[in-house]
Amino acid sequence: MEITFTGKRALVTGAGKGIGRATALALARGGAEVTAVTRTQADLETLVRECPSVKPVCVDLADWDATERALKDVGPIDLLVNNAGCAMLQPFLEITQDSFDKSFDVNVKAALHVTQIVARGMKARGSGGSIVNISSQASHRAFKDHAVYCATKGALDMLTKVMALELAPYQIRVNSVNPTVVMTDMAKIGWSDPAKANTMISRIPMGKFAEVEDVVHAILFLLSDKSAMTNGAFLPIDGGFLAC
Ligand code: NDP
């Protein structure tokens, strides 16, 4: 099955590092014109050096007004990946208002807002589109110290379903991928301790964490016409973790 994105315009949030960066590069290699959105300018500079066709946009997506300004002239987009996310791990009884607000601002509110901006254009052009939200296995299972993170991903899954419902009449599909642990900078915060990692791995039937490419391939499938009838779905990339 060959997937190409020639002639498509894609926007990837959180494209500076990890899964988002690999997705932006894979889309560009597949022929898409890619807009890469993230908040660290240095990451955008190295990304553009690696792939000069990428259009960089530097903004803190937790800031609603700054996002509006930064994406005002982004132009038509056919494919959107809401990937930017953060994980602030705290025992439940120590969760602060600040970490709750920051987590929801990025993991949920920014996905809603960027989708509004992009989908309004898709609707106006009548050209349809495909949107993938990067959720997590944490939307379906409880993990110690992950109360806020789990809650944001649960909220994102419901947002995916309602967006799928409301945007389908405009031929815009919305799906999520729900990975297990992928050893990016983010995952190192929670899973660097070998004892903790091994306990987690022992609960994954495939006996290993996911690789960045495992997630990217699923995102590309959901963005592409090969998944033309898939809408409102969540796709675990978890080696069977959620099946147990
Ligand atoms: P990384 O930390 O490696 O990369 C996250 C990217 O998002 C960074 O470029 C980061 O920029 C950017 N970002 C974060 N906050 C903002 C913001 N406010 N505005 C703009 N950009 C922002 O994370 P991953 O690649 O691991 O995670 C990507 C997604 O995958 C997240 O949604 C995460 O929840 C999800 N996920 C990850 C898993 C894992 O184990 N890694 C498992 C399941 C889901 P900066 O560095 O400048 O903050």
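Just so it is clear, the structure is predicted and the values come from calculations on it, not from any experiment.

**Details of the packing of aromatic side chains**
Tallied over the entire structure, the rule returns three aromatic pairs. Between phenylalanine 143 and tryptophan 191 the ring centres are 6.2 Å apart and the planes differ by 90 degrees, which places this aromatic pair in the edge-to-face class. Taken together, the residues span a long stretch of sequence, with phenylalanine 143 in the loop between strand E5 (129-134) and helix H5 (147-167) and tryptophan 191 in helix H6 (residues 185-191) at a distance of 48 residues. The class for phenylalanine 143 is buried, based on a relative accessible area of 11%. Through a chain of ring-to-ring contacts, the aromatic side chains of Phe143, Trp191 and Phe241 assemble into a single cluster. Positioned above the aromatic ring of tryptophan 191, the side-chain terminus of lysine 196 is 5.3 Å from the ring centre.

**Focus: the packing of helix H3 (residues 64-71) against helix H4 (residues 97-125)**
Viewed as axis vectors pointing N to C, H3 and H4 meet at an angle of 30 degrees, and their least axial separation amounts to 11 Å. With respect to each other, H3 and H4 are oriented roughly parallel. Pair H3 / H4 crosses with right-handed handedness. Of the residues in H4, those touching H3 at Trp64, Thr67, Glu68 and Leu71 are Lys109, Leu112, His113, Val114, Gln116 and Ile117. Class assignment for the residues of the contact of H3 with H4 results in five nonpolar, three polar and two charged.

**Focus on the state of the cysteines**
What the rule picks out here adds up to zero disulfides. We note that cysteine 86 lacks a disulfide partner, and the nearest cysteine sulfur, in cysteine 150, lies 13 Å from it. Given the relative accessible area of 14%, cysteine 150 is considered buried.

**Things to note about the nonpolar core**
In terms of nonpolar packing, the biggest core is built from 34 residues, with Leu27, Val34, Val177, Ile219 and Leu223 touching the most fellow members. At the level of elements, strand E1 (9-13), helix H1 (18-29), strand E2 (33-38), helix H2 (41-50), strand E4 (79-82), E5 and helix H8 (212-223) are the ones that each hand at least two residues to this core. Membership of the second largest hydrophobic core comes to 31 residues, among which are Val37, Ala66, Val108 and Ile172.

**Overview of the environment of valine 182**
In this fold, valine 182 is placed in the loop between strand E6 (172-179) and H6. Residues valine 182 and arginine 125 lie 57 residues apart in sequence; the distance between their C-alpha atoms is 36 Å. What valine 182 contacts, discounting residues up to four positions off in sequence, is Ile19, Ala187, Ala210, Glu211, Val212 and Val215.

**Quick notes on the site of the ligand**
Around the ligand, 29 residues are found, and the nearest of them are Lys17, Thr40, Asn83, Tyr149 and Thr184. Here lysine 17 contributes a side-chain N or O atom positioned 2.5 Å from an oxygen atom of the ligand. In this structure, an oxygen atom belonging to the ligand sits 2.6 Å away from a side-chain N or O atom of tyrosine 149. Relative to its unbound accessible area of 890 Å², the ligand is 93% covered by the protein chains. Elements that contribute at least two residues to the shell around the ligand include exactly H1, H5 and H6. Counting residues per element, the shell around the ligand draws most heavily on H6, at three residues. Taken together, the residues of the shell around the ligand sort by class into 13 nonpolar, 11 polar and five charged.

**Quick look at the pattern of salt bridges**
Tallying each qualifying case throughout the model produces eight salt bridges. One salt bridge connects aspartate 185 with lysine 188, and the closest N-O pair in it is separated by 3.7 Å. Taken together, the residues span about one helical turn, with aspartate 185 and lysine 188 both in helix H6 at a distance of three residues. When its relative accessible area of 43% is taken as the criterion, lysine 188 is described as partly exposed.

**Remarks on the sheet that holds E4**
An order of E3-E2-E1-E4-E5-E6-E7 is seen for the seven strands of this open sheet, with the pairing classed as parallel. A strand with exactly one partner marks an edge of an open sheet, and here the two such strands are strand E3 (55-58) and strand E7 (234-237). Within this sheet the neighbouring strands show an average axis-to-axis angle of 15 degrees, counted without direction. With four bridges joining them, E2 and E3 adopt parallel strand pairing. Note that in E3 the partner of threonine 35 across the bridge is lysine 55.

Reading guide: rules and limits
Residues numbered from 1 in each chain as written. Predicted model: local features only at pLDDT ≥ 70, side-chain atom pairs only at ≥ 80, totals over all residues. Heavy atoms only, no water. Phe/Tyr/Trp six-rings, centres within 6.5 Å; stacked < 30°, edge-to-face > 60°. Helix = DSSP H or I, 4+ residues; strand = E, 2+ residues; numbered from the N terminus. Buried < 20%, exposed > 50% of the residue type's maximum accessible area, 1.4 Å probe, protein only. Lys NZ or Arg CZ within 6 Å of the ring centre and 35° of its normal. Axes fitted to C-alpha atoms, helices over the stretch in contact; angles between N-to-C directions. Parallel < 35°, antiparallel > 145°, perpendicular 65-115°, else oblique. Left-handed = near helix turned anticlockwise from the far one by under 90°. Contact = heavy atoms within 4.5 Å. Nonpolar A, V, L, I, M, F, W, Y, C, P; charged D, E, K, R; others polar. Disulfide = S-S within 2.5 Å. Core = buried A, V, L, I, M, F, W, Y, C linked by side-chain atoms within 4.5 Å. Near = heavy atom within 4 Å. Polar contact = N/O pair within 3.5 Å; in protein donor to acceptor, adjacent residues only side chain to side chain. Areas by Shrake-Rupley, 256 points an atom, 1.4 Å probe, with all protein chains shown as cover. Salt bridge = Lys/Arg side-chain N within 4 Å of Asp/Glu carboxyl O. Pairing = 2+ DSSP bridges.

Bear in mind that shape data such as this cannot, by itself, settle questions of function.
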